[in-house]
Amino acid sequence: MTELSKARRAAVTVLLAAGLGLGLAPVAQADARADAQAAPGAPVPVPAGELAQARSAVQDPSVLDKVGHFFARKGVPPTQQLTIGAAEEAKAAGDAAPRLAGDTVPVYTLDAGFVAGTPGAPVAKAEFTASKVVAADGQTASVWTVRQGDAWRVVNIASGGDESDYAAKAADGGGGTAFREPQVNAWYVLRDGRVLPLDDEARRSVGAGGVSLAAYQKLVHQRYGDKLPGSAYDRAGKGGGYDVNAAGEAGEAGQAGNAGNATVTTVTTAAGSDGGSTLPAVTAAAALGATALVGAGAVLRRRRSAD
């Protein structure tokens, strides 16, 4: 993957919590196992039944139609016209014939409690689930779902399939739990008490051989311990984030010049009077660079306006 595409993907995967009004609460997990980690630092697993429900939401014909249009537009937001007409776009969306590929996976993100050093806190928490969808011409997208009340809702479509791909890479490499440190766009796997890199950003962060879980906790506490919910940084609403390459590891991502722009499609579902779904699409230009640890977990924070 090129540096440009990595930057665009990083921008795409900014979660649009503000526009969705979700706060990105962690996805439903097994209450009975909430305090019983499989291994020190391991995230609480998402039950298979919940993943099946999330996958079912993605398989809704109206969702797949929206994914088809996502593929047909090839990154052009719905607020902008294509060089083809509506009828041609509709045909291209149908020709895309989007299909699910692989498993629906929970996506684990660095946990604020772990950063703070809370005893027993897992290294990461499940923030949403992702289902990889493939078009007839080979394009791929990741469809994200979150638990809202008693149902799973589709909230975002992002280009590529990092979420599923890194989960598979972790499984193929010897097992463990893949998770993301979004502030530096790094993917890791927690395996046998060690945090090991899955991408270049993670290798720059912890080295090719990884680090112990304890060493990783010290590292992220150094990076983000003063940016947790309720901190002066959080209360000030600063737009800066974290640049792993900054001298002294204290730089602001907004000053690092590593921002990328990409089109994001967010999809919200609401039950209609006939029991069906409506899927309004919201798009925005996403600029990576404004990050902070906020809310229940560690998520990318940014300001945006939704058209």
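One can find the structure itself at the top, above this paragraph.
Residues numbered from 1 in each chain as written. Predicted model: local features only at pLDDT ≥ 70, side-chain atom pairs only at ≥ 80, totals over all residues. Heavy atoms only, no water.

## A look at the pairing of strand 4 (residues 140–148)
Relative to strand 4, strand 3 (residues 124–134) runs antiparallel, the two being bridged by six bridges. Looking across to strand 4, one finds that valine 133 is bridged to alanine 141. As paired strands, strand 4 and strand 5 (residues 151–159) are joined by eight bridges and run antiparallel to one another. Residue pairing across strands places serine 142 opposite alanine 158, the latter belonging to strand 5. (Pairing = 2+ DSSP bridges. Helix = DSSP H or I, 4+ residues; strand = E, 2+ residues; numbered from the N terminus.)

## Overview of the packing of aromatic side chains
Any pair of aromatic rings gets described here by the distance separating the centres and the angle formed by the planes. In the structure shown here, the tally under the stated rule is seven aromatic pairs. Aromatic rings pair up to connect Phe114, Phe179, Tyr188 and Tyr216 into one cluster. (Phe/Tyr/Trp six-rings, centres within 6.5 Å; stacked < 30°, edge-to-face > 60°.)

## Side note on the pattern of salt bridges
Tallying each qualifying case throughout the model produces ten salt bridges. For arginine 147, the salt bridge is made with glutamate 50, and the minimal N-O distance between the two is 2.6 Å. Linking arginine 147 in strand 4 with glutamate 50 in helix 3 (residues 48–58), this pair joins segments that are 97 residues apart in sequence. Here arginine 147 falls in the partly exposed class, since its relative accessible area comes to 26%. Take glutamate 50: its relative accessible area is 15%, and that puts it in the buried class. A salt bridge links glutamate 89 to arginine 73, with the shortest nitrogen-to-oxygen separation between them at 2.8 Å. With glutamate 89 in helix 5 (residues 86–96) and arginine 73 in helix 4 (residues 61–73), the pair connects residues that are 16 residues apart, well separated along the chain. The pair formed by glutamate 89 and arginine 73 is uniform in burial state, with each residue classed as buried. (Salt bridge = Lys/Arg side-chain N within 4 Å of Asp/Glu carboxyl O. Buried < 20%, exposed > 50% of the residue type's maximum accessible area, 1.4 Å probe, protein only.)

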